[in-house]
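Architecture and fold: a report
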Amino acid sequence: MSGRTARRRVLRVMVGTDGQASSTGRADLLAAEEPLGIRVDGTALAMTMRTPGDDVELAAGFLVGEAIVTARDDIVGMQVCDGTTCGHLDHSADEIGNIVDVALAPGVAVAPGARRSFLTTSACGVCGKTSIKDIGVLPRAPLAADVTVFAPAVIASLPDRLREAQRVFSSTGGLHAAGLFTSAGELLVVREDVGRHNAVDKIVGWALLNAKLPLTGCVLLVSGRASFELVQKAVLAGIPLLAAVSAPSSLAAELADEAGLTLIGFLRGPSMNVYTGAQRVAT
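I will try to describe carefully the structure that is included in this document. Predicted model, so just to flag it, every value in this text is computed and none were measured.

**What to know about the packing of helix α6 (residues 228–236) against helix α7 (residues 250–259)**
Packing of α6 against α7 brings their axes to within 8 Å, and their N-to-C directions diverge by 20 degrees. On the basis of their axis angle, the class for α6 and α7 is roughly parallel. Both α6 and α7 take part in a crossing whose hand is right-handed. On α7, the residues that touch Phe-228, Val-231, Gln-232 and Val-235 of α6 are Leu-251, Ala-252, Leu-255, Ala-256 and Ala-259. Each residue belonging to the contact of α6 with α7 can be placed in one class, and the counts come to eight nonpolar, one polar and no charged.

**Observations concerning the sheet that holds strand β4 (residues 43–50)**
Spatially, the four strands line up as an open sheet ordered β4-β3-β6-β5, and their pairing is mixed. A strand with exactly one partner marks an edge of an open sheet, and here the two such strands are β4 and β5 (75–80). Adjacent strand axes in the sheet meet at a mean angle of 20 degrees, parallel and antiparallel pairs treated alike. Sheet topology places strand β3 (residues 34–40) next to β4; seven bridges connect them, and they run antiparallel.

**A short note on the nonpolar core**
Counting 54 residues, the largest nonpolar core has Leu-45, Leu-63, Val-69, Leu-104, Leu-220, Val-231 and Leu-242 as its most contacted members. Apart from the residues lying within four places of it in its own chain, the contact partners of Leu-220 are Ala-178, Gly-179, Val-200, Ile-203, Ala-234, Ile-239, Leu-241, Leu-242 and Ala-243. Grouped together as the second largest cluster of nonpolar side chains are 17 residues, Phe-150, Leu-162, Leu-221 and Met-272 included.

**Brief notes about a nonpolar patch on the surface**
Side chains of Leu-11, Val-13 and Val-15 sit close together on the surface and give an oily, nonpolar patch of about 310 Å² of accessible area. Tracing the backbone through its elements, the reader meets Val-13 in strand β1 (residues 5–15). For Val-13, a relative accessible area of 48% corresponds to the partly exposed category.

**Some details on α6**
Buried residues dominate α6, accounting for nine of its nine residues. Along α6, the positions that sit buried rather than exposed are Phe-228, Glu-229, Leu-230, Val-231, Gln-232, Lys-233, Ala-234, Val-235 and Leu-236. Backbone geometry just downstream of α6 places Gly-238 in the positive-phi region, at approximately 75 degrees.

**Observations regarding unusual backbone geometry**
Geometrically, the link from Leu-213 to Pro-214 is a cis peptide bond, its omega value of -5 degrees lying close to zero. Inspection of the secondary structure puts Pro-214 in the loop between α5 (196–209) and β9 (218–222). In this model, Ala-67 sits at a positive phi of 60 degrees, which is unusual for a non-glycine residue. With respect to the helices, strands and loops of the structure, Ala-67 is situated in the loop between α1 (55–65) and β5. A positive phi is found at Ala-211, a non-glycine position, where the angle reads about 55 degrees. As for its position among the elements, Ala-211 is in the loop between α5 and β9.

What counts, and where the lines are drawn
Throughout this description, residue numbers start from 1 for each chain and increase along the sequence as written. Totals for whole chains, interfaces and linings use all residues, but because this is a predicted model, local features are given only for residues with pLDDT of at least 70 and pairs of side-chain atoms are given and counted only at 80 or more. Side-chain descriptors were evaluated using all non-hydrogen atoms of the structure, hydrogens and water having been removed beforehand. To obtain an axis, a line is fitted to C-alpha atoms, over the contacting stretch when the element is a helix, and the angle between two such axes runs from 0 to 180 degrees between their N-to-C directions. We count a stretch as a helix when DSSP gives it H or I for four or more residues in a row; a strand needs E for two or more, and each element gets its number in order from the N terminus. Under this scheme an angle from 65 to 115 degrees is roughly perpendicular, one under 35 degrees roughly parallel, and one over 145 degrees roughly antiparallel; angles in between are oblique. Left-handed describes a crossing in which the near helix is turned anticlockwise from the far one by less than a right angle; the clockwise case is right-handed. The criterion used for residue contact is that any of the two residues' heavy atoms lie within 4.5 Å. In this classification, Asp, Glu, Lys and Arg are treated as charged, Ala, Val, Leu, Ile, Met, Phe, Trp, Tyr, Cys and Pro as nonpolar, and every other residue, Gly included, as polar. DSSP bridges decide pairing: two strands pair if at least two such bridges lie between them. We define a nonpolar core as any set of buried Ala, Val, Leu, Ile, Met, Phe, Trp, Tyr and Cys residues linked to one another through side-chain atoms lying within 4.5 Å. Each residue gets one of three labels from its accessible area relative to the maximum for its type: buried under 20%, exposed over 50%, partly exposed in between, using a 1.4 Å probe on protein chains only. For patch building, the residue pool is restricted to those with more than 30% relative accessible area and no salt bridge; the joining distance is 9 Å between like charges and 5 Å between nonpolar side chains (Val, Leu, Ile, Met, Phe, Trp, Tyr). A 1.4 Å probe and the Shrake-Rupley method give the accessible areas. Residues count as covered only by the protein chains that appear here. Here, a salt bridge means any side-chain nitrogen of Lys or Arg that lies within 4 Å of a carboxyl oxygen of Asp or Glu.

Here's what the structure looks like:
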């Protein structure tokens, strides 16, 4: 497994006011992207393209988002396969450090529809599902029971706090970020990845492994748009408010409304659009 960034030589081209172009060679930092395989009880479950780092959290959060696990006790062991101590002798050189093996507790099983039939890209968190029924999973307990009310001024301050906490983006400009905040605006955890769904999985995995699920009274902020998959991940993690700096999709708004999630989009400066769950926003 490589680092979170990769250095590459590029040709920097500048066009002057006279229309003439000049060029210079320089080094540039790119956000790293590599495949991560997720195995459950020794059997391949999925493969996703991600930025290396926090891989155990990513795998744990992925399992929450697939409704396979709901609590820390559902998992008895997790490890990144290194080709030796993991006990697997069939890893290629490229797989070393790029596979997380998960052992589930007795009685916890993977539903047939949960296994992905092909690679999940960094732009798609539901690729490989065989039907809409496979991806439309709602939690066992509704979010309606979470009556936390959030101050608009606090919500409006979160994008700046998230940007301040981003480390890799400032050097590459190529990563999505997700941040988890309390209702008072305290940053609990931030994660970055080339895939916005991976960044959210890393946060949910952090919460699962630290026995913090469900995330009652919390805000999940994402740096891009709010898609169906992100709404589902937030709902399954028990997060009552999902905010995005860009737009939500129509299906995301429908699922948020059905699940009792407060969905906010276009969170920029002092303004925001509240698409569902407006009762949680103190206006």
